[in-house]
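Observations on chain architecture
Take a look at the letters that make up each chain.
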Amino acid sequence: MKYLKAAGMLLIAALPIAGVIVFRSLIMELSWQSYVGIFVLSFVSTSGTLVGGIPLPALALTFVTGSILNPLPVGIVAGFGSGLGEVFSYPVGTAGRLIADRWGLVRFFSAFLTKYGGWAVLLAAAIPNPFFDFVGLASGLAGYPFPKFMLLVLIGRLIRALSASYLGAHFAGNMKLP
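Residues numbered from 1 in each chain as written. Predicted model: local features only at pLDDT ≥ 70, side-chain atom pairs only at ≥ 80, totals over all residues. Heavy atoms only, no water.

1. Some points on the pattern of salt bridges
Defined as follows: By convention in these notes, a salt bridge is any Lys or Arg side-chain nitrogen within 4 Å of a carboxyl oxygen on Asp or Glu. Secondary structure is summarised from DSSP: a helix means a run of H or I of at least four residues, a strand means a run of E of at least two, and numbering begins at the N terminus for each. The cut-offs for exposure are 20% and 50% of the maximum accessible area for each residue type, with area from a 1.4 Å probe on protein chains only; residues under the lower value are buried, those over the upper are exposed, and the others partly exposed.
Tallying each qualifying case throughout the model produces one salt bridge. Its salt-bridge partner being R157, residue E86 comes within 2.6 Å of it at the nearest N-O pair. Remark: R157 occurs in helix α11 (residues 146-171) and E86 occurs in the loop between α6 (71-85) and α7 (89-95); sequence separation between them is 71 residues. Judged by relative accessible area, which is 2%, E86 ranks as buried.

Pasting the structure below:
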């Protein structure tokens, strides 16, 4: 049963990518709507705390769409969408501060963020990282300044999305697709 569930989740994750490939010419015609779709999918995919961890392949979709549309706006739109989607894990961490304080987690994360600070947040946001919600939770628990957290997340997500869209433009753009 667990293999069937895993196969189903993989199929759900692959459908948007297959759709982009199949409807390539339509995406080119409806480019501005495609940008809105990339923003929404990127936002929802990184709002795991809000939507319960639905596995949406926003980074892979950014890669493929970067081969069809201009990779600069694709990367910018996807970066802002995914960066803004991360806003939900921070307040959950802040709310859990009372509980986590009993286990010494607040002190641990505060020490970690004091030692590594913004570099840890920026690096975690810039690399493909399925555990980034924990960084947001930890930042909220530790009381890391929210404006600084959001700025670093947006910069990191822009780096990640722009890299994916330009890599898609370079590699997938050279492939002969139907």
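2. A few points about the packing of helix α5 (residues 58-66) against α6
Using the following cut-off: Between N-to-C directions, angles cover 0 to 180 degrees, with each direction set by a line fitted to C-alpha atoms, over the stretch in contact for helices. Oblique is the label for any angle not under 35 degrees, not over 145, and not in the 65 to 115 range, which are roughly parallel, roughly antiparallel and roughly perpendicular in turn. For any pair of crossing helices, the crossing counts as left-handed if the nearer helix is rotated counterclockwise from the farther one by less than a right angle, and right-handed if it is rotated clockwise. Whether two residues are in contact is decided by their heavy atoms, any of which lying within 4.5 Å being enough. For this scheme, ten residues count as nonpolar: Ala, Val, Leu, Ile, Met, Phe, Trp, Tyr, Cys and Pro. Four count as charged, namely Asp, Glu, Lys and Arg, and the remainder, Gly too, count as polar.
Following both chains from N to C, one finds α5 and α6 inclined at 165°, their axes separated by 9 Å at the closest point. Compared by their axis directions, α5 and α6 come out roughly antiparallel. At the point where α5 passes α6, the crossing takes the right-handed sense. Together, T62, T65 and G66 of α5 and P71, V74 and A78 of α6 make up the contact between the two elements. Taken together, the residues of the contact of α5 with α6 break down into three nonpolar, three polar and no charged.

3. Some thoughts on the side chain of S67
This is how the line gets drawn: Whenever two N or O atoms come within 3.5 Å, that pair is a polar contact, provided that in protein one can donate a hydrogen and the other can accept it, and provided that, for residues adjacent in sequence, both atoms are side-chain atoms.
Mapped onto the fold, S67 is located in the loop between α5 and α6. Within the local environment of S67, its side chain forms a polar contact with the backbone oxygen of V64, the two atoms lying 2.5 Å apart.

4. Re the nonpolar core
The nonpolar side chains of a soluble globular protein tend to be buried, and buried together. The condition is simple: Residues belong to a common nonpolar core when they are buried Ala, Val, Leu, Ile, Met, Phe, Trp, Tyr or Cys residues joined through side-chain atoms within 4.5 Å.
One finds V121, F132, Y144 and F149 to be the most contacted residues of the largest nonpolar core, which totals 15 residues. Mapped by element, the contributors of at least two residues to this core are α9 (105-126), α10 (132-142) and α11. Judged by nonpolar contacts, the second largest core, of seven residues, contains Y35, I38, L69 and A161.

5. Digging into the side chain of T62
If you trace the backbone, T62 turns up in helix α5. Look at T62 and you get buried, because its relative accessible area is 2%. Those residues within four positions of T62 in sequence are excluded, and the remaining contacts are S42, V74, A78, A161, A164 and S165.

6. Notes on a nonpolar patch on the surface
Let me state the cut-off plainly: Patch membership needs two things, relative accessible area over 30% and no salt bridge, and members are linked within 9 Å if like-charged or within 5 Å if nonpolar (Val, Leu, Ile, Met, Phe, Trp, Tyr). Every accessible area reported is derived by Shrake-Rupley at a probe size of 1.4 Å, with residue values counting cover from the shown protein chains alone.
A surface patch of nonpolar side chains, amounting to about 410 Å² of accessible area, comprises L72, I76, F80, L84 and Y166. Tracing the sequence through the fold places I76 in helix α6.

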